[in-house]
Each structure stands twice: as structure tokens, then as C-alpha cells.
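If you want the building blocks of each chain, they are given just below.
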Amino acid sequence: MIDEGLKSELQKQGVYVTSLQELYNWGRANSVWPLTFGLACCAIEMMAASMSRFDLARFGAEVFRPSPRQADLMIVAGTVTKKMAPLVVRLYNQMPEPKYVIAMGACAISGGPFKQGYNVLKGIDRYLPVDVAIPGCPPRPEALIHAIMTLQEKIRNQKLTGPDRPRHLNADVEGEYPVPAYGKHDLEPPKNPELWQPPTMTRT
Amino acid sequence: MWVLTMEPNQNPYLVLVLLAAAAVVFALTPLLAAWAWARFFSPQKPGQDKNDTYECGLKSSGDAWIHFRSEYYLYGIIFLVFDVETIFLLPFAVSFTGLTVGAFVAMIIFLVLLVEGLVWAWRKGFLTWR
């Protein structure tokens, strides 16, 4: 591994050095293909983000794929109902590695304004590992672009070896998460306890 | 620089053979490269859901090898016949006053033939959706 100081010193002299890891991550970060997948009004903002005015193409993420087989980013854009949740998880399972999830908007994060609804899932992070969450109702396209940039930053800083290596290089990380089933009153199981571990609140 | 030229005692088909070989290599190289990449570098995590049929997130049900009824095909054929008929009917109507009796009779025979086909299909029961 080359020293950062030496690297910038060399760069001043016009010599650019890079590592295979940086090159690999640079390529990965700039070719994130999202899944064409909208659940509610956030999807309208997602569409706007991919159109000419906001132009998601600048970040290499404009290629919305209509099949999970070709996508590597799932933008959960909108309210996830309990009826839709198994489908969302199954679509995620069908995506090839490496895969990332952006929870777009209040609904995807927590249920948002519909949190009290009997049929609304209180956040997709109960079933899927969310990488970036965008607050807002709905978030503007700029916010989605910021989320993509945040994700790119995350991808760029991933080490290809070691315990924090990306999930596709780590054979121990699961490629599929259990798909919930329709129960009598709620989804079964109502959450994936391995993924969803909210901090417990203690009142004093 | 290496140029393909014809020597006097050279087989004239040699150039074609060389070009054909180049074409095969040109087609196979990306295929082999893709195969090698998938074999040695791609992170593979196959699973039950991932190997399943893609059905927009729904669980696929039933068999793909089922019989389709050909009802609509008959409707399509009958529609097409009368679609073509309108193309003939329009100029017929426009030039109706200037037509000879022979042309008129020919047109009527054409129409009767088509209507006969419709009556036949009707009596066969093709117009009843089952």
C-alpha cells in the first residue's frame, strides 16, 4: 500500500499512482444500475431524478433495469405495504451481487405518515440491509442524487480484503434474506431479527 | 505492415479462409472472455430465490407448458378480411356513380363472397366466445 503523502507528492510531479482496489471501486461506484421499482409517490421523484433536468446519468446510475437480474441497486421508493413486502424481499434476493439498498423517503424508512396504517410496513430495514436512507416526504431529486453520491462514497471506501470487505466478496454474508409470509394478522415473521436491531429506549 | 496480396501461385481462396478464421476468433474472443470472467471473478451466491423464475417478485405458479386456446386467432383472421374489404369499399363508394355495370357486379360478387365467409364462421360458432 502506497503512502498517502508520497502519493500526493508524486501527483504534484505529474505521476499518478493508484491501487487495484481504488480502480475496482472506482469502476463499481460509477456503474450502479438501479432497479426500475417504484412503490408510491417517491417513485415520481425518482423518475424526475433520472430525467434530463436532474440527470442521474452524470453519476452513472441512469440505467434503470426492469429486471432484478441486471440491477445492483434497489431504491425502495415509497410506502411498503405488508402485501408488497414479500415481493420486495424476493426481488432483492433475485438481484446479483454486489447489491445495495436505498430507502427513499419517510415511508420506506419507517412507514412515514402512514405508519399507523394496519397494512403498512414500518420500515423496509426490518427485512433488508439498508445502505443509505433519505429522509423527506417525498425527498426531492437532489436528495436522491445525494444518496447515490453517498452510496458511491461508501463503495469507494470499501476495502476489498479484511472483515469489512464488500458483501459479494465475503462468502459468509448471506445472499438471500428470508421472505416473509402472509400471516393471519401480520407478516410472519414481522421482522428479520438478525437485521433489525433497533436501540432499546430506556426511560429514566 | 502485413498486407493480403495475391501471389501468382497462391490458392485464391486462401484470403477467404484467413478472413473466416479471423471472424471466428473475433466472435469467440468476447464470449470466452465473458465466460472466463464469470468463472473466475464474478461473485456467485446462488440461492433458491435467485435461481427461481423471475415473475416481478411474485412466486411463479404453474407450468409454462400449457395449451393456449386459439380463439382469438379466428377473430383476428375474420377481422383482417373485413379490414381489407374496407380498403376496397372506400374507392368503390367514391367512384360509385362513374362505374360500369360490370364493375358493379364484380364488386357485389366480392362482397357476397366475404359475407358468405362471415356467415360460414358464424354458423360454425366461431363468433361465440367460449
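Residues numbered from 1 in each chain as written. Chains lettered and ligands numbered in written order. Predicted model: local features only at pLDDT ≥ 70, side-chain atom pairs only at ≥ 80, totals over all residues.

Enquirer: When you look at the overall build of chain A in this model, what are you seeing that I'm missing?
Expert: Within chain A, the regular secondary structure consists of six helices and five strands. Each helix (α) and strand (β) of chain A, taken in turn from the N terminus, gives the series α-α-α-β-α-β-α-β-α-β-β. Expressed along its principal axes, the backbone C-alpha trace of chain A runs to roughly 65 × 45 × 40 Å. Out of the 204 residues belonging to chain A, those deemed buried represent 34%. Contacts in chain A between residues far apart in sequence, at least 24 positions, make up 77% of those at least 6 positions apart. (Helix = DSSP H or I, 4+ residues; strand = E, 2+ residues; numbered from the N terminus. Buried ≥ 20, exposed ≤ 12 C-beta atoms within 10 Å, placed from the backbone. Contact = placed C-beta atoms within 7 Å.)

Enquirer: What is the right way to read the sheet that holds strand β2 (residues 100-104) of chain A from this model?
Expert: Pairing between the strands of a sheet is mediated by backbone hydrogen bonds and can be parallel or antiparallel. All names here are of chain A. With respect to topology, three strands assemble into an open sheet ordered β1-β2-β3, the strand pairing being parallel. The open sheet has two edge strands, β1 (73-77) and β3 (132-134), and neither has a second partner. If you compare each strand with its neighbour and ignore which way they point, the axes differ by 15° on average. Across three bridges, the pairing between β2 and β3 is parallel. Across the sheet, M104 pairs through a bridge with I134, a residue of β3. The strands touched by helix α6 (residues 141-156) within the sheet are β2 and β3, with β3 carrying the most contacts at an inclination of about 165°. (Pairing = 2+ DSSP bridges. Axes fitted to C-alpha atoms, helices over the stretch in contact; angles between N-to-C directions.)

Enquirer: Explain the nonpolar core here, please?
Expert: Most often, soluble globular proteins keep nonpolar side chains buried together rather than apart. All names here are of chain A. Counting 46 residues, the largest nonpolar core has M74, V76, I102, A103 and M104 as its most contacted members. The set of elements that each furnish at least two residues to this core consists of α3 (42-50), β1, α4 (85-94), β2, α5 (105-110), β3 and α6. With residues up to four places along the chain from it excluded, the contact list for M74 reads L35, F37, L91, Y92, M95, K99 and V101. (Core = buried A, V, L, I, M, F, W, Y, C linked by C-beta atoms within 7 Å.)

Enquirer: Quick question: what am I supposed to make of the packing of α3(A) against α6(A) here?
Expert: Each packed pair of helices is defined by two parameters, the angle between the axes and the distance between the axes. Residues and elements named next belong to chain A. Relative to each other, α3 and α6 sit at 75°, their axes nearing to 8 Å. Comparing their axes, α6 and α3 come out roughly perpendicular. For the pair α3 and α6, the contacting residues are E45, M46, A48 and A49 in the first and P141, L144 and I145 in the second. For the contact of α3 with α6, the per-class residue count stands at six nonpolar, no polar and one charged. (Parallel < 35°, antiparallel > 145°, perpendicular 65-115°, else oblique. Nonpolar A, V, L, I, M, F, W, Y, C, P; charged D, E, K, R; others polar.)

Enquirer: Hey, could you run me through the packing of helix α2 (residues 20-29) of chain A against α6(A) in this one?
Expert: Residues and elements named next belong to chain A. The contact between α2 and α6 brings their axes to 8 Å, and the two run at 160°. Considered as vectors, α2 and α6 are oriented roughly antiparallel to each other. At the point where α2 passes α6, the crossing takes the right-handed sense. Where α2 approaches α6, its residues N25, W26, R28 and A29 are matched on the opposing element by Q152, I155 and R156. (Left-handed = near helix turned anticlockwise from the far one by under 90°.)

Enquirer: Would you explain the pairing of β1(A) in this entry?
Expert: If a strand is regular, its side chains alternate between the two faces of the sheet. Residues and elements named next belong to chain A. For β1, a buried count of five out of five residues is recorded, marking the element as mostly surrounded by other parts of the structure. Judged by which residues are buried, β1 turns out to be covered on both faces: L73, I75 and A77 on one side and M74 and V76 on the other are all buried. Relative to β2, β1 runs parallel, the two sharing five bridges. Of the residues in β2, the one forming a bridge with V76 is A103. Each parallel crossover has a hand, and for β1 linked through α4 to β2 it is right-handed. (Right-handed = clockwise from strand over helix to strand, strands pointing away.)

Enquirer: Would you explain helix α1 (residues 4-12) of chain A in this entry?
Expert: Residue pairs three or four apart in sequence face the same way in an α-helix, which turns once every 3.6 residues. Across the nine residues of α1(A), zero count as buried, placing the element largely on the outside. Of the residues flanking the end of α1(A), it is G14(A), one or two places downstream, whose phi is positive at about 90°.

Enquirer: Looking at this structure, I do not really get the confidence of the model for chain B. What am I missing?
Expert: Residue and element names in this part refer to chain B. When pLDDT is averaged along chain B, the result is 86; 95% of the residues meet or exceed 70. Mean pLDDT across the elements of chain B ranges from a minimum in helix α2 (residues 71-94), with 87, to a maximum in helix α1 (residues 14-40), with 94. Scored as a whole, the predicted complex attains pTM 0.73, and scored at its interfaces, ipTM 0.73. (pLDDT = per-residue confidence, 0-100.)

Enquirer: It is not clear to me how α3(A) should be interpreted in this structure. Could you clarify?
Expert: Within the span of α3(A), buried status applies to C42(A), E45(A), M46(A) and A49(A). All buried residues of α3(A) fall inside an arc of 105° around its axis, so they share one side. (Arc of directions from axis to C-beta.)

Enquirer: Help me out: how do you make sense of the environment of M104(A) in this one?
Expert: Residue and element names in this part refer to chain A. Looking at the secondary structure, you find M104 in strand β2. In sequence terms M104 and P135 are 31 residues apart; their C-alpha atoms lie 7.0 Å from each other. Sequence-distant contacts of M104, that is, excluding residues within four places in its chain, are made with C42, M46, I75, V76, A77, I134, P139 and L144.

Enquirer: How do you make sense of the pairing of β2(A) when you look at a structure like this?
Expert: All names here are of chain A. Of all the five residues making up β2, five are buried; the element is thus mostly covered by neighbouring parts of the structure. Residues Y100, I102 and M104 line one face of β2 and the alternating positions V101 and A103 line the opposite face, and both faces are buried. Crossover handedness for the path β2 to α5 to β3: right-handed.

Enquirer: What am I meant to see in the environment of L111(B) here?
Expert: Residues and elements named next belong to chain B. Structurally, L111 is set in helix α3 (residues 101-124). On the basis of neighbour counts, which here come to 14 C-beta atoms within 10 Å, the residue L111 falls in the partly exposed class. For the pair L111 and E85, spaced 26 residues apart in the sequence, the C-alpha separation amounts to 7.9 Å.

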